[in-house]
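Single-letter residue listing:
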Amino acid sequence: MVAATPIILAAIGELVVEKSGVLNLGVEGMMIVGAICGFAIAVQTGSPFVGFVAAALGGAVLSLLFGILTQYFLSNQVATGLGLTLFGLGLSSLMGQGYIGIRPPATPKLEIPLLSDIPVLGPVLFNHDLMVYVALALVVGTWAVLKFTRAGLILRAVGENHDAAHALGYKVVRVRLMAIAFGGACAGLGGAYLSLVRVPQWTEGMTAGAGWIALAIVVFGAWRPFRVLLGAYLFGGVTVLQLNLQAAGVAIPVEYLSMSPYLITIAVLVIMSSGRAKAALSAPACLGKLFHASS
Amino acid sequence: MITLEKRPEPSRVWSWATPPLAVLLTMIAGGVMFAVLGKDPVEAIRTIFWDPILGEFAFYYRGQLLVKAGPLILIAIGLSMGFRANIWNIGAEGQYIIGAICGAAVGLAFYPFDSFIVFPLMVLAGALGGFLWAMIPGILRVKFNTNEILVSLLLVYVAEFILASMALGALKNPDGAGFPGSRNFRSYPSGHNAELMAGTGIHWGVVAALIAVIFAYVLFARHQMGYQIKLAGQAPRAARFGGVNPSRLILFCLGMSGALAGLAGLFEVSGPAGQVSIDFNVGYGFTAIIVAFLGRLHPVGILLAGLLLALTYIGGEAAQSSLGLPAAAIQAFQGMLLFFLLAVDVLTNFRFRFGKREVA
């Protein structure tokens, strides 16, 4: 579950962004900036909680840069997202100069009384730090908001047909900016989870493609929160499995084991998109299209 | 109230003027960034952009300029073809690595056989390696409709692990006393991509880059394939009615950019880098994306943009040693450049209108 949490966080944020019709390929950049923001602040203040808040803020600020460019300056979303990733990687290693090799303050584990005493299932499900549960709560919350609330309906309307939503008087740009900021905050949290809990230290480029895997998992989950959750746990399971295999000293070279999560992500993508009608239908209709009121 | 108004057609003036404007804005913003880092901004900008060309030690840097610009241009030309047709190959870094490994493997297999045929064979193997690596996202896209952006990028990580395993395993120098990394091509003349003219930095990779620029120019200006690429990018529906085969186009664009990236990798590994080592890739494949955009996806523009970004690499190194500027600052600087470029691009397609919005 620990391996899957950063991916869940980033993927659920990106899901909301894509539901609003914006394709933000900068997840990787936002994650790594979140990772260093969270790490730096946690080390400075000694409190991982403040670190996570800072990570969310950092990710959101960076994502708003993307939002302003794509929503007000109408730049190409694919190119801007890539730019965000490149910029984020550079910025993060710049910010992380003084933090290499330091250990962050430990994030306390939250043992749920009674439940964590259940044999086998207890330690697996109920003995984690707070962020694991926050991630789960976010998934459930996102699902509920998208499905049952007015705000969720507006968000989906903007994503499916921005011209119609505009004609109905909804502020397309504002809705999208909020979605982008939410996505950025989630990606930042995911990055901070990597640097504060999972690894836990700061190294340059430490997200190592986690952001891209999160993007793939949104596709895999067909833009549905619970399938995204499933995909992320599947991926987390594979990661842990290959790490255990490495530790167990199986006769496969380490490098080939390490590449397996990426290969499996690709394989899953292929399987998902080959049933093409299904995948194409569930993607938001205005995904990646530019919106300008006059056009 | 400032509003944006769509231009009836993209402005020619602005499409030429935006890249320099973006560079200028980046210099200003970069100066602010350097000032925040506690360095003298004017000094930093001068070290990066001025000294390598016209400064005291320019004779050394000028050669380096072409060495760095060669692979950037080579990769960016390939990428620009796909980008024009809305086919996003962002895994050039992976194709670059695989090209280098394949080419180097062929060269090392011949060691110490001495013949003029070795190097051309290496070049072919390098291009083929990159081509095949790029065919993976290509074929998956055509056959299974898989998103080529994600697949090509994820393959970069796979390629990096293959590189590590090669440098530590199959291609390791048998006489290397156990150190990771392959034999050095500098001590194997038939496989070495040497400088063609001493002191200029021109090696076969630079020549190949220039050929690629000319080739791409002709392709876009004169050849039907180039026309189809542009058509598919600007009006996909029209392209489909016009009989453009999208699958063929995808495979062509990805294969071409893969082969060029593979070539760039081979020239790098056999020349400036010298050997297959764990960390021989330095992100050219990603920087080339910036080059392609900064050059407005036009071959001549890419040539200039490649030189400019090569300058930031070299200037960045100079600034590292003389000013103690962190290496990452340059990366952030390059990312900023792409941002500003995309932002000012709005001027090409829209114009600002001051005053109240009229009621439609």
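Conventions and cut-offs
Within each chain, residues carry numbers counting from 1 in the order of the written sequence. Naming scheme: in the order in which they are written, chains are lettered from A and ligands are numbered from 1. The predicted origin of the model limits local features to residues at a pLDDT of at least 70 and limits the giving and counting of side-chain atom pairs to 80 or more, whereas totals for whole chains, interfaces and linings rest on all residues. Here the side-chain values reflect all heavy atoms present in the structure, with hydrogen atoms and water set aside. Only DSSP runs of H or I with at least four residues qualify as helices, and only runs of E with at least two residues qualify as strands; both kinds are numbered from the N terminus onward. We call two residues in contact when some of their heavy atoms are within 4.5 Å. Each accessible area is a Shrake-Rupley result for a 1.4 Å probe, and residues are judged covered by the shown protein chains and nothing else. Classification of residues uses two cut-offs on accessible area relative to the type maximum, computed with a 1.4 Å probe and protein chains only: under 20% is buried, over 50% is exposed, and between them is partly exposed. To qualify as a nonpolar core, a set must consist of buried Ala, Val, Leu, Ile, Met, Phe, Trp, Tyr and Cys residues joined through side-chain atoms within 4.5 Å. Here, axes are lines fitted to C-alpha atoms. For helices the fit covers the stretch in contact, and angles between N-to-C directions go from 0 to 180 degrees. Take the far helix as the reference: if the near one is turned anticlockwise from it by less than a right angle, the crossing is left-handed, and if turned clockwise, right-handed. In this classification, the charged set is Asp, Glu, Lys and Arg, the nonpolar set is Ala, Val, Leu, Ile, Met, Phe, Trp, Tyr, Cys and Pro, and all remaining amino acids, among them Gly, are polar. Cysteine sulfurs are considered disulfide-paired once they come within 2.5 Å of each other. As used here, buried area is the combined drop in accessible area, with a 1.4 Å probe, of two parts when they are placed together. Should a side-chain nitrogen of Lys or Arg be within 4 Å of a carboxyl oxygen of Asp or Glu, the pair is scored as a salt bridge. Polar contacts here mean pairs of N or O atoms no more than 3.5 Å apart (in protein, one a potential hydrogen donor and the other a potential acceptor; neighbouring residues in sequence count only if both atoms are side-chain atoms). pLDDT expresses how confident the predictor is about each individual residue, on a scale running from 0 to 100. In this scheme Phe, Tyr and Trp rings, the latter by its six-membered ring, pair at centre separations within 6.5 Å, and the angle between planes marks the pair as stacked below 30 degrees, edge-to-face above 60, and tilted otherwise. Exposure above 30% relative accessible area and the lack of any salt bridge qualify a residue for a patch; like charges then connect within 9 Å, and the nonpolar side chains Val, Leu, Ile, Met, Phe, Trp and Tyr within 5 Å. An angle counts as roughly parallel when it lies under 35 degrees, as roughly antiparallel when it exceeds 145, as roughly perpendicular when it falls between 65 and 115, and as oblique in every other case. The definitions used throughout rest on a 1 Å grid laid over the protein atoms alone, on which a cavity is an enclosed set of points accommodating a 1.4 Å probe that cannot get out and a pocket is an open set flanked by protein within 12 Å on both sides along at least five of seven lines; lining residues are those having an atom within 4 Å of a point. Grid points are joined across faces, edges and corners, and a volume is the space filled by probe spheres set on the points.

(A) Examining the overall build of chain A more closely. A tally of helices and strands in chain A yields 14 helices and two strands. Taking the contacts inside chain A whose residues are at least 6 apart along the sequence as the reference set, 76% of them involve residues at least 24 apart. Taken as a whole, chain A presents about 11900 Å² of accessible surface, with 71% of it coming from carbon and sulfur.

(B) Representation of the overall build of chain B within the structure. Of regular secondary structure, chain B possesses 15 helices and two strands. In chain B, which comprises 360 residues, the proportion classed as buried is 56%. Carbon together with sulfur atoms contributes 66% to the accessible area of chain B, which is approximately 15700 Å² in total.

(C) Representation of the side chain of A:Glu14 in the model. Tracing the chain through its elements places A:Glu14 in helix H1 (residues 5-19). Residues contacting A:Glu14, with those up to four places away along its chain left out, are A:Leu23, A:Asn24, A:Val27, A:Leu215 and A:Val218.

(D) Main features of the nonpolar core. In terms of nonpolar packing, the biggest core is built from 185 residues, with A:Trp212, B:Phe34, B:Leu74, B:Ile75 and B:Ile77 touching the most fellow members. Considering every element that reaches this core, the biggest residue donor is helix H14 (residues 327-344) of chain B, with 13 residues.

(E) Spatial organisation of the packing of helix H5 (residues 92-110) of chain B against helix H6 (residues 118-144) of chain B. Residues and elements named next belong to chain B. At a minimum axis distance of 7 Å, the contact between H5 and H6 shows a crossing angle of 145°. The two elements H5 and H6 cross, and the hand of that crossing is right-handed. Listed contacts from H6 to Gly94, Gln95, Ile98, Gly99, Cys102, Gly103, Val106, Gly107 and Phe110 of H5 are Val118, Leu121, Met122, Ala125, Gly126, Gly129, Gly130, Trp133 and Ala134. Residues belonging to the contact of H5 with H6 are distributed by class as follows: ten nonpolar, eight polar and no charged.

(F) How the structure looks around the state of the cysteines. Going through the model one piece at a time under the given rule, you end up with zero disulfides over all chains. No disulfide involves A:Cys186; its sulfur sits 15 Å from that of A:Cys37, the nearest cysteine.

(G) Broad picture of the interface of chain A and chain B. The interface of chain A with chain B comprises 47 residues on the first partner and 44 residues on the second. Buried area between chain A and chain B, summed over both chains or domains, comes out near 3800 Å², and the portion from carbon and sulfur atoms is 82%. On the chain A side of the interface with chain B, the three residues burying the most area are A:Leu86, A:Leu94 and A:Trp212, jointly 15% of the side's total. Put simply, chain A and chain B have zero salt bridges between them. Between chain A and chain B we count zero residue pairs in polar contact (both at pLDDT 80 or more) in total. By residue number, the principal contributor to the side of chain A that touches chain B is helix H4 (residues 77-95) of chain A, which donates 13 residues. Residue composition of the side of chain A that touches chain B, by class: 29 nonpolar, 15 polar and three charged.

(H) Expanded view of the environment of B:Trp16. Summarising the element assignment, B:Trp16 is placed in helix H1 (residues 12-36). Along the backbone, B:Trp16 and B:Leu341 are 325 residues apart, and their C-alpha atoms lie at a distance of 12 Å.

(I) A look at the confidence of the model for chain A. Per-residue pLDDT for chain A has a mean of 74; in total, 77% of the residues score no lower than 70. When mean pLDDT is compared element by element in chain A, helix H2 (residues 27-45) of chain A scores highest at 81, while helix H14 (residues 276-282) of chain A scores lowest at 54.

(J) Inspection of the packing of aromatic side chains at higher detail. Summed over the entire model, instances satisfying the criterion amount to six aromatic pairs over all chains. Judged by centre distance (4.8 Å) and plane angle (35°), the ring pair of B:Phe83 and B:Trp88 falls under tilted. Accessibility expressed as a relative area gives 6% for B:Trp88, which makes it buried. By the ring-pair criterion, three or more aromatic residues cluster together here, those being A:Tyr262, B:Tyr157 and B:Phe161.

(K) How the structure looks around a nonpolar patch on the surface. Residue and element names in this part refer to chain A. Together, Ile41, Phe49, Val50, Val53 and Leu57 make up an exposed nonpolar region whose accessible area comes to about 450 Å². Ranked by the residues each element gives to the nonpolar patch, the list is headed by helix H3 (residues 48-72), at four residues. Within the secondary structure, Ile41 sits in helix H2.

(L) Structural detail: the packing of helix H8 (residues 204-222) of chain B against helix H13 (residues 299-323) of chain B. Residue and element names in this part refer to chain B. Axis separation between H8 and H13 bottoms out at 8 Å; the angle between their running directions is 155°. As summarised for this structure, H8 and H13 are arranged roughly antiparallel, according to the angle between their axes. Contacts between H8 and H13 pair Leu210, Val213, Ala216, Tyr217 and Phe220 from the former with Pro299, Val300 and Leu303 from the latter. Tallied by class, residues from the contact of H8 with H13 come to eight nonpolar, no polar and no charged.

(M) Inspection of the confidence of the model for chain B at higher detail. Averaged over every residue, the pLDDT of chain B is 75; the share at 70 or more is 75%. Interface predicted TM-score (ipTM) for the complex: 0.75; the corresponding pTM is 0.79.

(N) Expanded view of the side chain of A:Ser63. The residue A:Ser63 is located in helix H3 in this model. Dropping the residues within four chain positions of it, A:Ser63 is found in contact with A:Met30, A:Ile180, A:Ala181 and A:Gly184.

(O) Layout of empty space enclosed by the protein. All names here are of chain A. Inspection of the entire model under this criterion finds one cavity of 30 Å³ or more. Taken as a whole, the largest cavity spans an internal volume of roughly 100 Å³. Lining the largest cavity we find Ala216, Ile217, Phe220, Gly231, Leu234, Phe235, Ile264, Thr265, Val268 and Leu269. The leading source of residues in the lining of the largest cavity is helix H13 (residues 260-274), at four residues.

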